[in-house]
Each structure stands twice: as structure tokens, then as C-alpha cells.
Amino acid sequence: MIISSFTEIVSVGAVLPFLGILTDPNRIFEHPLAQPFIKVLGITSPGQLLFPLTIVFCIAAVVAGAMRLLVLWSTMRLSFAIGIDLSINVFRRTLYQPYSVHISRNSSEVISGITGKISEVISYILIPCLIFFSACVMLLAINVALISIIPVTVLVTFGCCGLAYVVIIKLTKNIVRKNSEQIAYESNQTLKSLQEGLGGIRDVLIDGTQDYFCEKYLKSEKKLRRAQGSNQILSNGPRYFMEVLAMMLLAILAYILTKQATNAAAAVPTLAAIALGMQRLLPALQQIYWAWSTIHGAQASLQDALELLDQKIPDHQISLSKASIRFEKDIRLNNISYRYTQQTPWVFREVNLVINKGSRVGFIGTTGSGKSTLLDIVMGLLQPSEGSLKVDGTEITPPNLSAWQSRIAHVPQAIYLSDNSIEENIAFGIHKTSIDSQRVKHAAEQAQIANLIEEWPNKYNTTIGERGVQLSGGQRQRIGIARALYKEADIIIFDEATSALDNETEQFVMNAIENLSENITIFIIAHRLTTVKNCTHIIEMRDGKIYQTNGLIND
């Protein structure tokens, strides 16, 4: 920016001698400052100055243009590089948030923050900030060059233009702020409408509710685009007014200088320098105003992005030392009580359990009885409101939570499948080059889906579509079971994992589960008694308590 400003001074300053040699060669030839160059170049007459000055002027213009291009390239490169840092930081901090935070927030707001809001910060905060500083440096340099020519005239001209922009800022400040708030809010609403419409596409198609979601989307989209358009008009519109003002000021200056000069031609170089300076001055002023209005118009989006950046990563997640935990004896739940907030009722109270390693434990109960919540506590996804979770006598706390969770595999009722190959979905979250193909096949065999995969042309490289839309419910469920088995964990938790399977397939899968190593502890949540009939222990949850523990401690 600084180097570019100096090249602008040179390009503006080169106008005077260049036009001077065209209008009055003798004046330039006899000027004291020109004598060293005349001697070096061996020039003997005024006419010989035209060619070297033309070369100097062209070089100055090329260098100034090249530097402006370099500043633009640097500005964009730096802005988007910072944007990458911001985006990955928001994503990382979001992923590291506790499970309780994730279930309490709207995913559309988070996705909007990571994608849309960070993009807005790049386009409407970072780039304008750099352009603002660049324009300020350029403005200072141009004014220094012009003041050295005609100080009073330049100060008056700059003062008039600057005052005009101050008035414009005062008039548009509140409108830009309100538009900023509306843009931040409506961008969340448009994404929410998209997610709702596309996420429930089966129901939308069956119920014929396309118009409802289109109208809902249109309502938010219209407000969003109108607010964005309004800010664009307010940030770019003043340029046209300022161009008219500049032309009027230049005409007045030309009249005054021509009247004052004894020879009208003598005023031409000065007027040309002022005109060129104004041609540089106005864009710099407009850039400063544009940057201010753009930054002001993105304040609300910036605030949303900063809130996501302010998410604290738990200390145990960023610690270089990873605590270890042993699991050779049992898991103990001591007086465990839980409720989601201080205002909500207790899900369960004072639950006491001892689960020996290698047990097959079935949980049954009505919907909402707390089965999944209890196992979320066992998995460390939720922290108990009261009581403690101990493994081999060691309490599970944040420092050793990751070590404990590394021993657990989870098969939920709704399996998430990515738009990747079967192999990548079974070895979920592992880089493709690090996947153990034999281990994948063994897990698929245990989950009773290997035969089906082998029938497909691409076998384990078959792409299954977003969320596994190309698979049946039972096939998706068995992929999820294979994923858990691939992890080779000490504990596997099946949360209604066989609910989408037919009776025969469920029986095959349950037989496979029962034949797993006796060192693996298995938890099964089910509504059907037939699913858990072969478990070593069956626990019924009812009214926030546990019953029929079949040998498990229940105080």
C-alpha cells in the first residue's frame, strides 16, 4: 500500500513536466530542477526533452497501474486466507462443543455461521478494512502531491468532497444498521427454510406442501435481498453525486486559474495535474466511504461469527497429554440423576447400577422413560446433574473423557451415512488411505451385510448417495452396526439399532452380536422383548427409576 502510494505521487507529479514540455518547452528546459537530467542525457534543445519525458510518463503510469493491481491481489489473497482461518476455527470450535450444546441449538444457525456468515465477514469486513486502509494511504499521498502544487485550492477541494461524504454518512447510518440486522436474521431464516423443505422431502412430496415451503423461503429471501440491495445502493450511489461535484469544482478551478494566469496555456499543466489528482482522489474517497458503509452494514453478521469464534474448546480437548483409563472390571453409576435444565423435570433420580465387563444388558421401557439419556451419560455425551460415573473405580471426568469414549462404539436408531463409498461409511471418519479393508469386510460379515455388498458391481467402493438414500432402512442399519464393529471397541451400545430390520435379519444380527467376544460389553435399547431376550440382564426404566435388574445393583 505504501509503495503504491509513492508510485501514485510519481504518476501525478510526472504530468506537470510532460504537459509543460508540450505547451511551453523553453520553461521546462530552463527550469533549475531539469538541468541535472539535461546534462546526463546530453540534451541541447527544448524539443529533445519530449521523447524522454514521454518515456518517463509512460513508465510512471505502468508502474502505478501494476502496483494498484498488486495491492488488489494482496488484499484479496490476505482476506481469503484470513477467512480460511476463521472458517476452520469456527468449525473446529463447534465440533468440540459438548453434546448438550449441540442438542440445544438450531443447526441451521450454526451452518449459516460457518458458511454464510464467514463469507460475509470476508466480503463485507476483511476486504473493506484493507481497502479502507489502502485508500487512506493513497488519499494521503495524493494530497501531499497536490498540495505541493497548489495548496489552498487542493485543501478547499478536498474539504468540500470530504464534507459531502460526512453528510452522506450521517444520513445513511441508521438505515445501514437496520439493514445489517435484517441481513443477519434473514440469512438464518432462508437456510432454515431450505433445510426444512429438503430435509423432509418425502413428507413434502406426499403431502404436497411445496408451496408452503416456497412461500416461507420467498418471504425471508425477499427481505434478505432487499436489505442487501439497499446497502449496495447506499454504499455505491454517492459516487455519482461526487463525480458531478468534482466536475463542477474542476470547472470553477479552471476558470479561476485561467483568469489569474497571464498565458492560458501556462495553466494547462496545473489543471491537468489537478484533474489527474481528482481522478485518483475521488475513487479513494469513494472507497473509504464504501468500506465504512459495507463494514457498518455487516456488523450483525460479524457479531454472529464472533460468537461462534468465542466458543471455548474444553481444556481436556486441547491438552497435549491424553489421560488413560482401564476397563477390566465394571462400570458403576452412583446415585445418577439428570435433567436437561433447572426448569425441566428430572428424567430420572438416584439411579445406581453396576455393570460387569462382558455383560449383555438390555434396556426396555416406554418412549421418554430415559433409556437413551442414561446411556448418553454412560457414553460421556451428557454429564449427570447429580452423582458420578466410575469405571474400575475411576470417576469419568473431562480429563479422561476422551480416553473413555475411545472404548465405546454407538449404533443409533437413525444412522447417519455420508455420500461416500460403503467402505468409507463403515470406517467413518478415517482417511481413505488409512482404512483397513480386511477389517471392513470382517465387520460387514458380522453385521450380516457382506453378502449383499459382494453382489454389487463396485462392491465396497459403491457410493450410496446422501444419507444413504440408495439403501433400504435395514441396509442402512446394518451399515451402522458394521461401523461400530469396525471400531473394535470394548463397549458397543445399540440404541434401537435393529428396529428397522425384519424379524429374520434381526435374528441373524442378534446372533452375530451374541457371538462377539465375551470381553465386549453390550448395551441394547429396544422396545421389543424379543430383541433383548438373550441378554444377561434386562433393565426396565419407568417413572425415572429402574426395575427388574436381574442381579444388577439397584438401591
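Residues numbered from 1 in each chain as written. Predicted model: local features only at pLDDT ≥ 70, side-chain atom pairs only at ≥ 80, totals over all residues. Heavy atoms only, no water.

Engineer: A description of the overall build of the protein should follow, citing residues and the corresponding values.
Structural biologist: Of regular secondary structure, the protein possesses 22 helices and ten strands. Looking at the protein as a whole, 45% of its 555 residues qualify as buried. Accessible surface, the protein: about 29,600 Å² in total, of which carbon and sulfur atoms supply 59%. (Helix = DSSP H or I, 4+ residues; strand = E, 2+ residues; numbered from the N terminus. Buried < 20%, exposed > 50% of the residue type's maximum accessible area, 1.4 Å probe, protein only. Areas by Shrake-Rupley, 256 points an atom, 1.4 Å probe, with all protein chains shown as cover.)

Engineer: How would you summarise helix H15 (residues 371-378) if you had to cite specific residues and measurements?
Structural biologist: Summarising burial for H15: seven of the eight residues are buried, a large majority. Every buried residue of H15 is listed here: Lys 371, Thr 373, Leu 374, Leu 375, Asp 376, Ile 377 and Val 378. The first or second residue beyond H15 is Gly 380, which carries a positive phi of 80°.

Engineer: Run through the confidence of the model for the protein, naming residues and quoting values.
Structural biologist: Overall, the predicted model of the protein reaches an average pLDDT of 77, with 80% of residues at or above 70. Of all the helices and strands in the protein, helix H14 (residues 315-318) carries the lowest mean pLDDT, 59, while strand E8 (residues 521-525) carries the highest, 87. (pLDDT = per-residue confidence, 0-100.)

Engineer: Explain the packing of aromatic side chains residue by residue, including any values.
Structural biologist: Taken as a whole and assessed by the stated rule, the structure comprises six aromatic pairs. Ring geometry for Tyr 165 against Tyr 289: centres 5.4 Å apart, planes inclined by 35°, an arrangement best described as tilted. Within this pair, whereas Tyr 165 is found in helix H8 (residues 151-199), its partner Tyr 289 is found in helix H12 (residues 268-297), the two being separated by 124 residues in sequence. Comparing Tyr 165 with Tyr 289, the two get one shared label, buried. (Phe/Tyr/Trp six-rings, centres within 6.5 Å; stacked < 30°, edge-to-face > 60°.)

Engineer: Help me get a handle on the sheet that holds strand E7 (residues 491-495), residues and values and all.
Structural biologist: Ordered by their spatial adjacency, six strands build an open sheet running E6-E7-E8-E3-E9-E10, and the pairing between neighbours is mixed. The open sheet terminates on both sides in strands that have one partner only, identified here as strand E6 (408-411) and strand E10 (545-547). Taken over all neighbouring pairs, the strand axes of this sheet differ in orientation by 20° on average, direction set aside. Note: E6 against E7, four bridges, orientation parallel. In the sheet register, Ala 409 faces E7, and the bridge partner there is Ile 492. (Pairing = 2+ DSSP bridges. Axes fitted to C-alpha atoms, helices over the stretch in contact; angles between N-to-C directions.)

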